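# Secondary and tertiary structure notes
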Amino acid sequence: MTSFTDRTVFITGATSGFGAAAARRFAAAGARLVICGRRAGRLEALTAELGPAPIRALTLDVRDRAAVFEAIAALPSPFDAIDVLVNNAGLALGLEPAHQANLEDWDKMVDTNIKGLMYCTRAVLPGMVTRNHGHIINLGSIAGSHPYPGGNAYGGTKAFVKQFSLNLRADLYGSKVRVTNIEPGLCETEFSVVRFHGDAERAAQVYEGTTPLTADDIAECIFWSAALPAHVNINSIEVMPVAQTFAGARVYKEC
Ligand code: NDP
Ligand code: 8X3
């Protein structure tokens, strides 16, 4: 297993859910951290919680291309030599069928899940290639492979993440930079509260009566793929709770 002492791990969307859990997991392994998100107060709290760990917090909206490049270029040594980028910032908005979906929601998902992830990757990757060392870990979703009603644009953004991850591997032929796509299913975080625009009651119903995955489960998958020996590349991890399974292609009798 790789040691994370003297390694820098950059995590987007560290103010909640998987990102915060991954920050805790890597900090426990001795990593140096760069954490980002839009909610400065949450970043401050996490920085205080992780205490002596070397940590830099960036209040950053990954949709802002110039801000992403400026923030990453301005990182002081040794935080600038990023060993692991966890491209986790993302969201689902809405569950309406495509013909009723809100276009603003679709724009936000594309801007965050696709464009934000591309900006962070493009800003960090040249340094990794120059050092011939690094690991990009993207947060895809089972929604990128398996359609479900209302998944429409969200599933489309995660299909992008899946294909982008594979194409990065193709471009990185000959380098030692690794790429992994983590594809979780149902996991209880703030994800559904965000999806339902702050309706916590509706969000809670999603998980009612089930045992969903936890943020710590996903942080462990992220950490494990990063901690494997440097010659091992996990292309993807698709992970679901036992409670979740595939409904299969459905046939509507009257159609
Ligand atoms: P949370 O809502 O708990 O966390 C999402 C994180 O993304 C927050 O830290 C949020 O920070 C950050 N974020 C959102 N938009 C931006 C932005 N524009 N700029 C910077 N940060 C942003 O959700 P999860 O932890 O569950 O989700 C993390 C990732 O995992 C997402 O990509 C999601 O699509 C994916 N995923 C989630 C699953 C689930 O069931 N929970 C399953 C499969 C994949 P802030 O608001 O402070 O900016
Ligand atoms: C989140 C998992 O199944 O709600 O990406 O789309 S799902």
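All values derive from a computational prediction rather than experimental measurement.

Turning to the site of ligand 2, a few remarks are in order. Near ligand 2, the surroundings consist of Ser141, Ile142, Ala143, Tyr148, Tyr154, Phe191 and Arg195. Ser141 has a polar side-chain atom sitting 2.5 Å from an oxygen atom of ligand 2. When ligand 2 sits alone it has 240 Å² of accessible area, and the protein chains cover 85% of it. Tallied by class, residues from the shell around ligand 2 come to five nonpolar, one polar and one charged.

It is worth spelling out the sheet that holds strand E6 (residues 177-184) at this point. If you walk across this open sheet you meet the seven strands as E3-E2-E1-E4-E5-E6-E7, and the pairing is parallel. Edge positions in the sheet fall to strand E3 (55-59) and strand E7 (236-239), since each of these pairs with one other strand and no more. In this sheet, adjacent strand axes meet at a mean angle of 15 degrees when their direction is disregarded. Here strand E4 (residues 84-87) runs beside strand E5 (residues 134-139); their pairing, made up of four bridges, is parallel. Within E5, the position partnered with Asn87 by the bridge is Asn138. Along the sheet face, helix H2 (residues 40-50) touches strand E2 (32-37) and E3 and points at about 175 degrees away from the line of E3.

Over its 12 residues, helix H1 (residues 17-28) runs 17 Å from end to end, which matches the ideal 16 Å to within 8%, given 1.5 Å per residue. Every buried residue of H1 is accounted for by Phe18, Gly19, Ala20, Ala21, Ala22, Ala23, Phe26 and Ala27. Note on H1: the residue one or two positions beyond its end, Gly30, has a positive phi of about 90 degrees.

For the pair helix H3 (residues 65-73) and helix H4 (residues 103-131), interaxial distance at closest approach is 9 Å and the crossing angle is 30 degrees. In terms of axis orientation, H3 runs roughly parallel to H4. H4 is crossed by H3, and the crossing has right-handed handedness. Note on element contacts: H4 touches H3 through Tyr119, Cys120, Arg122, Ala123 and Val124, opposite Arg65, Val68, Phe69 and Ile72.

Calculation criteria
- Residues numbered from 1 in each chain as written.
- Chains lettered and ligands numbered in written order.
- Predicted model: local features only at pLDDT ≥ 70, side-chain atom pairs only at ≥ 80, totals over all residues.
- Heavy atoms only, no water.
- Near = heavy atom within 4 Å.
- Polar contact = N/O pair within 3.5 Å; in protein donor to acceptor, adjacent residues only side chain to side chain.
- Areas by Shrake-Rupley, 256 points an atom, 1.4 Å probe, with all protein chains shown as cover.
- Nonpolar A, V, L, I, M, F, W, Y, C, P; charged D, E, K, R; others polar.
- Pairing = 2+ DSSP bridges.
- Helix = DSSP H or I, 4+ residues; strand = E, 2+ residues; numbered from the N terminus.
- Axes fitted to C-alpha atoms, helices over the stretch in contact; angles between N-to-C directions.
- Contact = heavy atoms within 4.5 Å.
- Expected span 1.5 Å × (residues − 1).
- Buried < 20%, exposed > 50% of the residue type's maximum accessible area, 1.4 Å probe, protein only.
- Parallel < 35°, antiparallel > 145°, perpendicular 65-115°, else oblique.
- Left-handed = near helix turned anticlockwise from the far one by under 90°.

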